[in-house]
Amino acid sequence: MSEEYNPVAARLTVEEMKNIIDEEIVPIKGLDNGAKMFTTETLAKVNRVITVAALLSVEDKGESTPFFVAKLADPTGSIQINAGQYQPEAAANLAHFEEKIASTGMPVMVSIMGKLSTFTTDDGKTLTSIRADKVHEVDSVNQNHFLGEVKEHLAKRLQNPELSADVAEKYEKVMAKL
Amino acid sequence: MSAEYVIGILEKNGIAVEQSEVEEKLSLMVEQFKLDEKTAGNTLLNQYAKAAGKTLVFEGSKVEGTVAEIDELKDGTWVKVDLKVTKLFEAEHPKIVQKGVAGDESGSIVFTIWEGAEVPVVEEGNVYSFNNVVVNKYQNNPQLSVNKNSAITASDAIIETVPDTKVITGFVTSIMRNSGFIMRCPECNKPLKKGACTDHGKVEGVNDIRLMMVIDDGKKTYNINCNRKLTEELMKITVDEATEIVRDTLDAGSIRDMQVALLEGRYVTAEVMDMQSRYLNACEVTPLGME
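Every value quoted in this text rests on a predicted model; they were computed, and no experiment measured them. Sequence order sets the numbering: in each chain, residues are counted from 1 along the sequence as written. Just so you know, chain letters begin at A and ligand numbers begin at 1, following the order they were written in. With the structure being a predicted model, the display of local features is reserved for residues of pLDDT at least 70 and the display and counting of side-chain atom pairs for 80 or more, all residues being used for whole-chain, interface and lining totals.

Student: Explain the overall build of chain A here, please?
Tutor: A count of helices and strands for chain A gives four helices and eight strands. It is over C-alpha atoms that the radius of gyration is taken, and the globule rule equals 2.2 Å times the number of residues to the power 0.38. Relative to the compact-globule value of 16 Å for 178 residues, chain A shows a C-alpha radius of gyration of 17 Å, a close match. With respect to the three principal axes, the spread of C-alpha positions in chain A is 50 × 40 × 40 Å. Taking all 178 residues of chain A together, 33% fall into the buried category. Any pair of residues counts as being in contact when their C-beta atoms, constructed from backbone geometry, are within 7 Å of one another. Here the analysis covers contacts within chain A between residues at least 6 apart in sequence; of these, 57% occur between residues at least 24 apart. Only runs of H or I of at least four residues qualify as helices and only runs of E of at least two qualify as strands under DSSP, and these elements are numbered from the N terminus. The exposure scheme places C-beta atoms from the backbone and then counts, for each residue, the other C-beta atoms within 10 Å of its own, assigning buried at 20 or more, exposed at 12 or fewer, and partly exposed in between.

Put into structure tokens, the structure is as follows:
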């Protein structure tokens, strides 16, 4: 990725990440590839995400190369994150956290930087996961600051008149969990 | 671009031409040389201008710029804005009449007054109405370009203080590749590239450490630059200690690795210069939590 293209990362709740209603390819100035832009049911446009949440479990499901699959949870729900051979820094840190979780029996608070990815199952369900590029351990002070940002951003999204009444109502309840 | 347009421009510039001649030349360029009309028209205009020894003046660009806020300026737009001139620099280019910094309560930006602009000389401390100036980039830094289509007039707008610095709190998304341990040229202080200075050739470099990172506050991303002193404070090591680490590990990137471990993926609060600029110099950086 060229250093010029550095869009602001979305501050989403896990619940929003799991409810993607649209996706499109957006061109990047100066590059041949485009960026995948997802739209959540709260009408947020997402390419990069940042989240600070609890890492519950990590497993290496790779065969010839490492492929880490982990479970991440914020106050609104849990989601799967992946890191494979093309995300070496994230994979290395996840390996380290796998050990830590095993030895302490407790989740690890982490910050994740990555991109959303969707997968449609045979019975038509769309599953969202995060392809993690960077994973770091952080403390609750950082998590609280992040949750403050999410609340602010979600509140702004809920003011969008194009949101259906159902979605607006659902996320008022989700907000209360933050 | 029709023959009428070409003739019109030439007339306005005092160059008389035969309608039939212009039409003939234009159609020749379009048909035989497969040029598009606009290119053909421009080529013809340049030919006539050169023959007459004149520089053409075009009309129609004296459009009123839109009023804008400093932190909302978009590249390529023509704007009108009231600003206080806070600093004036040495103009390094022969075609630049004046260059400096101007701002209002929401921030500052560099402005450049180019030769050919019919504007008064500006003075530090005064507030001016910059009318019809274009926002563009010079050496990758945004600036207001005052050119022959612009106007500068004294303004009654009261701008009390133009802030020097602003405080931002954001997530460190990356430590830049050029961050960490570097060697500088003893003559001009520029970072050396492969042991050599682009201006002074092979020199004995001076060791230095710096921190360059990208911070994302949810609304914008900022490229933050920390000098040696600030980097030493944050990393809790001196340049000499950093040099030893580089020598012991034989890895110049080891200092950057330490910065990644320390700061990447966390929130920091930084006090930075309040400027519309590609890189912002920080005077203070405080990481959140993690004691």
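Student: Is there a simple way to think about the nonpolar core in this case?
Tutor: A general feature of soluble globular proteins is that nonpolar side chains tend to end up buried together. Working definition: the nonpolar core is a set of buried Ala, Val, Leu, Ile, Met, Phe, Trp, Tyr and Cys residues, joined through C-beta atoms within 7 Å. Judged by nonpolar contacts, the single largest core of 54 residues is most densely connected at A:Val49, A:Leu94, A:Ile112, B:Ile215 and B:Ile224. A total of six residues in this core trace back to one element, the largest contributor, which is strand E4 (residues 48-60) of chain A. Dropping the residues within four chain positions of it, B:Ile215 is found in contact with B:Ile168, B:Gly170, B:Phe171, B:Val172, B:Thr221, B:Tyr222, B:Ile224, B:Val268 and B:Ala270. Ranked by size, the runner-up nonpolar core spans 20 residues in total, among them B:Val81, B:Val85, B:Ala102 and B:Val110.

Student: Even after reading the chapter, I still don't get the packing of helix H1 (residues 3-12) of chain B against helix H2 (residues 19-31) of chain B, so can you show me in this structure?
Tutor: Describing two packed helices takes the angle between their axes plus the distance from one axis to the other. All names here are of chain B. To get an axis, fit a line to the C-alpha atoms, keeping to the stretch in contact for a helix; angles then go from 0 to 180 degrees between the N-to-C directions. Here H1 crosses H2 at 125 degrees, and the two axes come no closer than 9 Å. The orientation of H1 with respect to H2, classified from their angle, is oblique. Of the two possible hands of crossing, H1 and H2 adopt the one that is right-handed. Facing H1, whose interface residues are Ala3, Val6 and Ile7, H2 presents Gln19, Val22, Glu23 and Leu26. Note on residue classes: Ala, Val, Leu, Ile, Met, Phe, Trp, Tyr, Cys and Pro are nonpolar, Asp, Glu, Lys and Arg are charged, and everything else, Gly too, is polar. Among the residues making up the contact of H1 with H2, the classes are represented as five nonpolar, one polar and one charged. Between 65 and 115 degrees an angle is taken as roughly perpendicular, under 35 as roughly parallel, over 145 as roughly antiparallel, and anywhere else as oblique. Two helices crossing with the near one rotated counterclockwise from the far one by less than a right angle form a left-handed crossing, whereas a clockwise rotation gives a right-handed crossing.

Student: What is the right way to look at the environment of B:Gly76 in this model?
Tutor: All names here are of chain B. Within the secondary structure, Gly76 is located in the loop between strand E1 (66-67) and strand E2 (78-89). For Gly76 and Gln139, which are 63 residues apart along the polypeptide, the C-alpha to C-alpha distance reads 15 Å. Ignoring anything within four residues of it in the chain, the contact list for Gly76 reads Val135 and Asn136.

Student: I'm lost on the interface of chain B and chain A in this one. Help?
Tutor: Where the parts come together, the accessible area they lose is often given as the size of the interface. Each side of the interface is counted separately: chain B has 15 residues, and chain A has 16 residues. Residue composition of the side of chain B that touches chain A, grouped by class: five nonpolar, five polar and five charged.

Student: For this particular structure, what's the right way to read the pairing of strand E6 (residues 77-83) of chain A?
Tutor: Consecutive side chains along a regular strand alternate between the two faces of the sheet. Residues and elements named next belong to chain A. Bridge count between strand E5 (residues 68-74) and E6: seven bridges; the pairing is antiparallel. Looking at E6, one finds that Asp74 is bridged to Gly77. Note on pairing: DSSP must find at least two bridges between two strands before they are called paired. Hairpin remark: E5 followed by E6, antiparallel, with two residues in the connecting loop.

Student: What am I meant to see in the confidence of the model for chain A here?
Tutor: One rule of thumb: low pLDDT means the predicted coordinates there are not for detailed reading. Mean pLDDT over chain A works out to 90, with 97% of the residues at or above the 70 mark. Each residue carries a pLDDT score, the predictor's confidence in it, ranging from 0 to 100. Contacts from residues 1-6 of chain A, a stretch scored under 50 in pLDDT, to residues over four places away or in other chains number eight contacts.

Student: I keep staring at the sheet that holds strand E7 (residues 108-120) of chain A and nothing clicks. Help me out?
Tutor: Two strands in a sheet stick together by hydrogen bonds in their backbones, pointing the same way (parallel) or opposite ways (antiparallel). Residue and element names in this part refer to chain A. Strands sit in the order E4-E5-E6-E8-E7 around a closed barrel of five strands; the barrel is mixed. Direction aside, the axes of adjacent strands within the sheet are offset by 55 degrees on average. Both E6 and strand E8 (residues 126-137) contribute to a ladder of three bridges, which runs parallel. Considered in E8, the bridge of Gln80 is made with Ser129. On top of the sheet, helix H2 (residues 88-104) reaches E4, E5, E6, E7 and E8; it is set at about 85 degrees to E8, its chief contact.

Student: I'm lost on the confidence of the model for chain B in this one. Help?
Tutor: Residue and element names in this part refer to chain B. Residues of chain B with pLDDT of at least 70 account for 96%, and the chain-wide mean is 87. The spread of mean pLDDT over the elements of chain B runs between E1, the lowest at 70, and helix H6 (residues 254-263), the highest at 96. Model confidence for the complex: the whole-complex pTM is 0.75, and ipTM, which rates the interface, is 0.90.

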